[in-house]
Structure formats: structure tokens, C-alpha cells
Amino acid sequence: MTRPDLNQIVRTPDGRPEVEQPKWRRDFPIDLPQDEYVARRDFTKFMVLTSLAFAVGQVWIGIENWRRRRRGQPPIAEIAKVSDVPIGSTITFAYPQPHDACLLVRTGELTWLAYAQECTHLACAVIPEVDKGQFRCPCHHGYFDLTTGRPIAGPPRRPLPRITLDVRNGAVYATGVEERTA
Amino acid sequence: MPVPEHLEFFIDPSRCIGCESCVQACSECDTHRGHSMIHLEYVERSRTTQTTPVICMHCDSPTCAEVCPADAIKRTEDGVVQSARKPRCIACSNCVLACPFGVPKMKSDLELMMKCDMCYDRSSVGKKPMCASVCPSQALFFGTREEIERLRKRSAAVNRFRFGNQTVTTKVNMMVPRDARPEYIDVAAAMEEDSLGGDIMLNVLST
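What you see is a predicted model; the values in this text were computed from it and never measured.

**Quick look at the overall build of chain B**
Point 1. Counting its secondary structure elements, chain B contains 6 helices and 9 strands.
Point 2. In chain B, the proportion of contacts linking residues at least 24 apart, taken out of those at least 6 apart, comes to 59%.
Point 3. Roughly 11,100 Å² of accessible area belongs to chain B as shown, and the carbon and sulfur atoms make up 50% of that amount.

What follows is the structure, encoded as C-alpha cells:
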């Protein structure tokens, strides 16, 4: 599209040419061709700034990854006594930080499962439904498989982070967080 | 495709017979299907049955677009002011209040201002707008200036209007008597006249 002739199209209320009009009138043109016109300079500015934002974002992601690796696995923490959790029941605990809510599920005599409670869609707390073999996120009806933590229905696409467990001396210990992408 | 430059719109209120054909036909236009965008106004309703059709005048400097805070009203290259753009219109009715001719309509159920766009789907391909194509008395006429001059020997087209201190030049023309051709038409003149209902007596109820 060729650049429209500004003076030719805009007929301003006071009759003065377009260049003498206040800036807002030039910023919000009434004529459709000008409204849809994107100047080469504007386009270049947009491209440069967007590319810059992407580049900075990549560097930031790299730094975050490096910091996460440096932190290593979180310390082993005791969650509960085996005798406190009946078969088929669930308890909540915080791991590794006090604000990271997690769920511990005992599905059998020796089978224990633990996942972070945050839904991987928009971070609502998931509700365990042990009898149905699933976790349910009430916000947007997301469902996760109880045994694997993988999403089975609804908007979530990534599985719940798994908390690795160690059961010894009559107590359940959390030993680490396993973040998964699929 | 723009509206061909040689085709113009002419309104001749003196020829309007109030049949409302234009109102019916308008709602059949594809750009605002089902919604009639033409007004049929009564002139001095208490004294006469004279009506006049009101369509968008497509101002050279459209007040509706000037006052739009959402930058929603745009004019195409050919000077036709279009209905508000749906993604931008915030249904604030500023345009409805500002237009000197009282043309834009706020469709509150759609939250969208809609107005006469000269049947853009038709006029942009050289056809007549729906209202002009059906008007039996040709009060609404869409054609070339030569045609109108040949058909209306006693009338002339005026496209300058005065609204307070604002002079509005429009794409649409109003037919006026050729002998007394005014420089402009005063849109707000009727407001200065005495109230028409002033001398209506209510003595029917007196005993």
C-alpha cells in the first residue's frame, strides 16, 4: 500500500493542514487508510524492541536455570508418621519451602504418592479424589491421574511435580522434587 | 472498492411523501442487516403531515468521529463515514449526542453504534443505496450531478450546514429552491422558533 496523501484526505474542522493540527489528531486519524497505515519506522521500532525483549528473556531464563541447578536438591524432610496416615487417605504438607503446598496420598499398605498441590494450568490447589483415582482442579475442571500425576482431562498440559519419597523407620520423608514436562 | 466519485447522494425533503419505503428498504442492506438506519422525521407534526428522511450526511470533518474517545469511527477514502468498529466501540453514545444531524444510533443490545453507511456494500460497487433505489418520489436520489440538474430544474444542491458556530461540509447534498439558494442551511434554526404547541388550548376539559 502506498502512503496516503495526508493533506488530501483529512479535512480538519478548522481547515488548517494536517501538520498544523495537535498531535492527538494525527495520532488518532479519522480516515481509514491512515488508521491502518503502519510507518516503516514504527514497524522497525516494534521489531527491534520485541527482538530485544526476547533476547533479554532468553538470558534471564538461562540465569534462572543456572541458579536452580546451583541450589541442588532440597533437604530431606519428615512429612508424617506411617501410623498417622490410614490407607486411602491424604494429608497436606509443605515442601520444600513453607509455602509450597503438597499432597501425600497413601493408596496401599506400602504405596505412597506425593505431588505438589498447585495445578499446572493456573496454580489452583488440586483436590485429591482417591476413590476415583484422580486429582481434580475445581477452577477449570482439570484432572490429573493419581498414580502418575499426569493430566487426563481439562486445560492442564503438564503433570504435577512429583515429590520423591522415602519410607523408613515408621516415618515418611520427602527427598526431592521431580519437575516434569510430560 | 471506493464509491465512484461521480455518484452523489441528494436529499429533497419537499418530495418526501412519508411512505416509509426507505425505512423498510434500509433494513435490508447487508452492512446493517435487520436494522434500519434511516430516520423519517416529521416537520411541524402538529400542523402538517410533511416528513423528511434523514440519512448520514457523511461530513468532511465528521463530528461523531472527532468526539469518539475510543477511536472507533472511521471514514473510508471515498469520504463515507462508517459505523463504529465493533472491537473498539465502547457504547458511550458520545457520537449520538454530538452529531448535529442526529444520525448515529446506539444499539444498546449490541453495545455498538450503528449508522447509515450509504449501504457501503452496494454503493462501493456503483449501485444505489437501498433507500434511494426504492424511493417512489425520488426524495432520496443517488446519481450524478448532471442527472439531478436535468431532473430538478427548480432546485439546487447545497452541502454546507451551520450548527451554532460550526460549519459542516458534507458529502451528501440537500436540495433547496434554486431562486433562494442559501449559502448554508442552519441546522439549529428550528430551536430558535417559538414552541409549536404553545397555542394549543385545553378548554375541551372545562365545564
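**A word on the overall build of chain A**
Point 1. Helix and strand counts for chain A come out as 4 helices and 10 strands.
Point 2. For chain A, the proportion of contacts with a sequence separation of at least 24, taken over those separated by at least 6, is 39%.

**Side note on the nonpolar core**
Point 1. Counting residues in each nonpolar core, the largest one holds 46 residues, and the members touching the most others are Phe9(B), Ile11(B), Ile38(B), Ile55(B), Ile73(B), Phe101(B) and Leu140(B).
Point 2. With sequence-adjacent residues up to four places away left out, Ile11(B) is seen in contact with Pro53(B), Ile55(B), Met57(B), Ala139(B), Leu140(B), Val172(B), Asn173(B), Met174(B) and Met175(B).
Point 3. Val82(A), Phe93(A), Leu104(A) and Ile163(A) belong to the second largest nonpolar core, which has 13 residues in total.

**Re the confidence of the model for chain B**
Point 1. Per-residue pLDDT for chain B has a mean of 89; in total, 93% of the residues score no lower than 70.
Point 2. Here the predicted complex carries an ipTM of 0.75, next to a pTM of 0.62.

**Looking at the sheet that holds strand 8 (residues 166-177) of chain B**
Residues and elements named next belong to chain B.
Point 1. With mixed pairing, 5 strands are arranged side by side in an open sheet as 6-1-8-7-9. A strand with exactly one partner marks an edge of an open sheet, and here the two such strands are strand 6 (140-143) and strand 9 (185-186).
Point 2. Where strand 1 (residues 8-11) and strand 6 come together, 4 bridges link them in antiparallel fashion. Its bridge partner being in strand 6, Glu8 is matched across the sheet by Gly143.

**Some words on a nonpolar patch on the surface**
Point 1. Taken together, the side chains of Val38(A), Phe43(A), Phe46(A) and Met47(A) present a nonpolar region at the surface, about 430 Å² in accessible area.
Point 2. Relative to the assigned elements, Phe43(A) resides in helix 4 (residues 40-71).

**Concerning the pairing of strand 2 (residues 90-94) of chain A**
Point 1. Alignment of strand 2 of chain A against strand 3 (residues 101-106) of chain A, held across 5 bridges, turns out to be antiparallel. When the sheet's bridge partners are listed, Ile91(A) is paired in strand 3 of chain A with Leu104(A).

**Some thoughts on the interface of chain A and chain B**
Point 1. Listed per partner, the contact involves 15 residues of chain A and 14 residues of chain B.
Point 2. Note on chain A versus chain B: buried area summed over both sides is about 1,200 Å², and carbon and sulfur give 47% of it.
Point 3. Area buried by chain A at its contact with chain B is led by Arg11(A), Ile30(A) and Leu32(A), which between them contribute 51% of it.
Point 4. Two residues, Arg25(A) and Glu66(B), come together in a salt bridge whose shortest N-O distance is 2.3 Å.
Point 5. Scanning the region where chain A abuts chain B turns up 8 residue pairs in polar contact (both at pLDDT 80 or more).
Point 6. Mapped by element, the contributors of at least two residues to the side of chain A that touches chain B are helix 2 (23-27) and helix 3 (32-36) of chain A.
Point 7. Tallying contributions element by element places helix 3 of chain A first for the side of chain A that touches chain B, with 4 residues.
Point 8. Of the residues contributing to the side of chain A that touches chain B, the split by class is 9 nonpolar, 1 polar and 5 charged.

**Here's the deal with the sheet that holds strand 8 (residues 151-153) of chain A**
Residue and element names in this part refer to chain A.
Point 1. Spatially, 5-6-7-8 is the arrangement adopted by the 4 strands of the open sheet, whose pairing is antiparallel. Of all strands in the sheet, those with a lone pairing partner are strand 5 (127-129) and strand 8, marking the two edges. Taking each pair of neighbouring strands and ignoring which way they run, the sheet shows an average axis angle of 35°.
Point 2. As defined by bridge partners, strand 5 adjoins strand 6 (residues 134-137) across 3 bridges and the pair is classed as antiparallel.

**Re the state of the cysteines**
Each disulfide is one covalent bond, formed between the sulfur atoms of two cysteines.
Point 1. What the rule picks out here adds up to 1 disulfide over all chains.
Point 2. A sulfur-sulfur separation of 1.9 Å characterises the disulfide bridge that pairs Cys124(A) with Cys139(A). Between Cys124(A) and Cys139(A), the disulfide has an S-S torsion of -95° and is therefore left-handed. Residue Cys124(A) is located in the loop between strand 4 (112-116) and strand 5, and its partner Cys139(A) is located in the loop between strand 6 and strand 7 (142-145); the two are separated by 15 residues in the primary sequence.
Point 3. Here Cys19(B) stays free of any disulfide, with the sulfur of Cys135(B) as its closest cysteine sulfur at 6.1 Å.
Point 4. For Cys19(B), a relative accessible area of 40% corresponds to the partly exposed category.

**Comments concerning the pattern of salt bridges**
Point 1. Evaluated as defined, the whole model comprises 20 salt bridges over all chains.
Point 2. The partner of Arg106(A) in a salt bridge is Glu109(A), and the shortest N-O contact between them spans 3.5 Å.
Point 3. In this structure, Glu44(B) and Arg47(B) form a salt bridge, with 3.7 Å as the shortest nitrogen-oxygen distance.
Point 4. Among the residues examined, Arg47(B) registers a relative accessible area of 56% and is labelled exposed.
Point 5. Each of the salt bridges in this network shares a partner with another, and the network as a whole consists of Asp35(A), Glu36(A), Asp71(B), Lys74(B), Arg85(B) and Arg88(B).

**A look at the environment of Pro128(A)**
Point 1. As for its position among the elements, Pro128(A) is in strand 5.
Point 2. Considering only alpha carbons, one finds Pro128(A) and Thr90(A), 38 residues apart in sequence, at a separation of 7.5 Å.

**Focus: the packing of aromatic side chains**
Point 1. Counting across every chain of the model gives 4 aromatic pairs over all chains.
Point 2. It is Arg168(A) that lies over the ring of Tyr173(A); its NZ or CZ is 4.7 Å from the centre.
Point 3. One cation-aromatic arrangement involves Lys128(B) over Phe141(B); the distance from NZ or CZ to the ring centre is 5.0 Å.

Conventions we followed
- Residues numbered from 1 in each chain as written.
- Chains lettered and ligands numbered in written order.
- Predicted model: local features only at pLDDT ≥ 70, side-chain atom pairs only at ≥ 80, totals over all residues.
- Heavy atoms only, no water.
- Helix = DSSP H or I, 4+ residues; strand = E, 2+ residues; numbered from the N terminus.
- Contact = heavy atoms within 4.5 Å.
- Areas by Shrake-Rupley, 256 points an atom, 1.4 Å probe, with all protein chains shown as cover.
- Core = buried A, V, L, I, M, F, W, Y, C linked by side-chain atoms within 4.5 Å.
- Buried < 20%, exposed > 50% of the residue type's maximum accessible area, 1.4 Å probe, protein only.
- pLDDT = per-residue confidence, 0-100.
- Pairing = 2+ DSSP bridges.
- Patch = residues over 30% accessible without salt bridge, like charges linked within 9 Å, V, L, I, M, F, W, Y side chains within 5 Å.
- Salt bridge = Lys/Arg side-chain N within 4 Å of Asp/Glu carboxyl O.
- Buried area = accessible area lost by both parts, 1.4 Å probe.
- Polar contact = N/O pair within 3.5 Å; in protein donor to acceptor, adjacent residues only side chain to side chain.
- Nonpolar A, V, L, I, M, F, W, Y, C, P; charged D, E, K, R; others polar.
- Axes fitted to C-alpha atoms, helices over the stretch in contact; angles between N-to-C directions.
- Disulfide = S-S within 2.5 Å.
- Phe/Tyr/Trp six-rings, centres within 6.5 Å; stacked < 30°, edge-to-face > 60°.
- Lys NZ or Arg CZ within 6 Å of the ring centre and 35° of its normal.

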